[in-house]
Amino acid sequence: MSLPTLRQLQYLKLLAEHGSFGRAADAAHVTQPTLSSGVQELEKILGAPVVDRARSGMILTAVGQAALERAIVILNEADELVQAARNAGQPLTGRFRLGVIPTVAPFLLPKALPLLRARFPKLRLFLREDLTHRLLAALKAGQLDAALIALPYDMAGLAHAHVSDDELLAALPGNHPLAHEKEAPPSALENDDLILLEDGHCLRDHALAACGLKPPKATGEEEAFAATSLPTLVQMVGSGLGVSFIPAMAVAAGLTDAAGVAVLPLKGEHPNREIVVAWRAGSSRAPEGRLLAETLRGA
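Residues numbered from 1 in each chain as written. Predicted model: local features only at pLDDT ≥ 70, side-chain atom pairs only at ≥ 80, totals over all residues. Heavy atoms only, no water.

## A short note on the nonpolar core
Leu-148, Ile-149 and Val-277 are the most contacted members of the largest nonpolar core, which totals 73 residues. Among the elements that make up this core, the one with the highest residue count is strand 6 (residues 158–173) (seven residues). For Val-277, the contacting residues outside a window of four places in its chain are Ala-146, Ala-147, Leu-148, Ala-159, His-160, Ala-161, Val-163, Gly-289, Leu-292, Ala-293 and Leu-296. Grouped together as the second largest cluster of nonpolar side chains are 20 residues, Phe-21, Ala-25, Ala-28 and Val-39 included. (Core = buried A, V, L, I, M, F, W, Y, C linked by side-chain atoms within 4.5 Å. Buried < 20%, exposed > 50% of the residue type's maximum accessible area, 1.4 Å probe, protein only. Helix = DSSP H or I, 4+ residues; strand = E, 2+ residues; numbered from the N terminus. Contact = heavy atoms within 4.5 Å.)

## Looking at unusual backbone geometry
The omega torsion across Leu-151 and Pro-152 is 15 degrees, close enough to zero to call that bond cis. Relative to the assigned elements, Pro-152 resides in the loop between strand 5 (146–151) and strand 6. At His-29, a residue that is not glycine, the phi angle is positive and equals roughly 60 degrees. With respect to the helices and strands, the residue His-29 is situated in the loop between helix 2 (21–28) and helix 3 (32–46). You can call His-29 exposed: its relative accessible area is 73%.

## As for the packing of helix 1 (residues 6–18) against helix 2
Direction vectors running N to C along helix 1 and helix 2 enclose 125 degrees, while the axes themselves pass 8 Å from each other. In terms of orientation, helix 1 and helix 2 fall into the oblique class. Both helix 1 and helix 2 take part in a crossing whose hand is right-handed. Here helix 1 contributes Arg-7, Tyr-11, Leu-14, Leu-15 and His-18 to the contact with helix 2, which in turn contributes Phe-21, Arg-23, Ala-24, Ala-27 and Ala-28. Its residues placed into classes, the contact of helix 1 with helix 2 shows seven nonpolar, one polar and two charged. (Axes fitted to C-alpha atoms, helices over the stretch in contact; angles between N-to-C directions. Parallel < 35°, antiparallel > 145°, perpendicular 65-115°, else oblique. Left-handed = near helix turned anticlockwise from the far one by under 90°. Nonpolar A, V, L, I, M, F, W, Y, C, P; charged D, E, K, R; others polar.)

Function cannot be read off these values alone, since they describe shape.
Below, the structure written as structure tokens:
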């Protein structure tokens with residue numbers, strides 16, 4: 001029985017990503033007839049069409065979609081086989097693609113990167129900053145080797161190693177009645193305008209869940225305030241637009257130093273998020289993920 005080649009599976013993956021034979025052929029650095037012939041051979045082996053061809057482009061058939069899901073796993077495993085062989089006995093050497101969420105990257109990486117460079121001089125680290133759901137999708141698709149994210153989050157199909165616990169703190173305008181208190185009761189913040197990061201940032205959900213608060217709702221025709229980044233959020237609080245929650249690592253990095261913001265621990269059980277390095281469950285890069293987490297703990 002004939003089996004598909006890795007090249008044929010790669011052609012299928014590129015077709016799904018680019019949506020046309022021409023663009024997929026360009027990405028594969030082959031001619032369009034070569035790619036088309038490879039896809040036809042794959043269809044002969046599978047005994048069914050994998051794409052529906054039309055003037056407007058192409059779409060995967062049900063067989064093609066099922067084949068694509070398995071092809072991604074096979075291609076990931078093949079890539080990891082090569083990387084593991086090249087790096088045998090030399091962890092964290094060569095290419096390593098790391099995703100990092102934006103509420104961690106600017107505060108941890110400036111300290112961590114010099115440590116990584118000193119400890120692993122042969123490491124070629126490629127960084128991608130993005131929201132958690134997109135990083136994990138890229139991780140599962142084999143586009144990343146690991147991701148530096150914050151928990152709690154749905155980790156189905158993934159494994160992870162602990163880096164640190166990051167306490168969530170209350171951020172208030174400097175003239176707020178609670179600004180000079182030692183702690184801020186979460187319930188007291190419900191009467192203020194609560195400013196959070198926009199939907200998609202896991203820190204938004206972490207803060208609300210940890211403090212037992214509901215997301216702010218729009219009143220009338222006005223929309224509730226939301227910030228696109230932590231620096232913007234801090235400036236909004238400092239301008240007196242409302243109150244918020246920020247991670248301790250951002251405060252330690254000096255984010256609030258010149259913003260006219262008072263930072264207080266939250267009264268009661270101090271809420272926190274867990275920073276971890278995540279990788280695909282069963283990946284051969286698991287030892288490197290753990291080693292990376294260990295190094296980041298030192299930062």
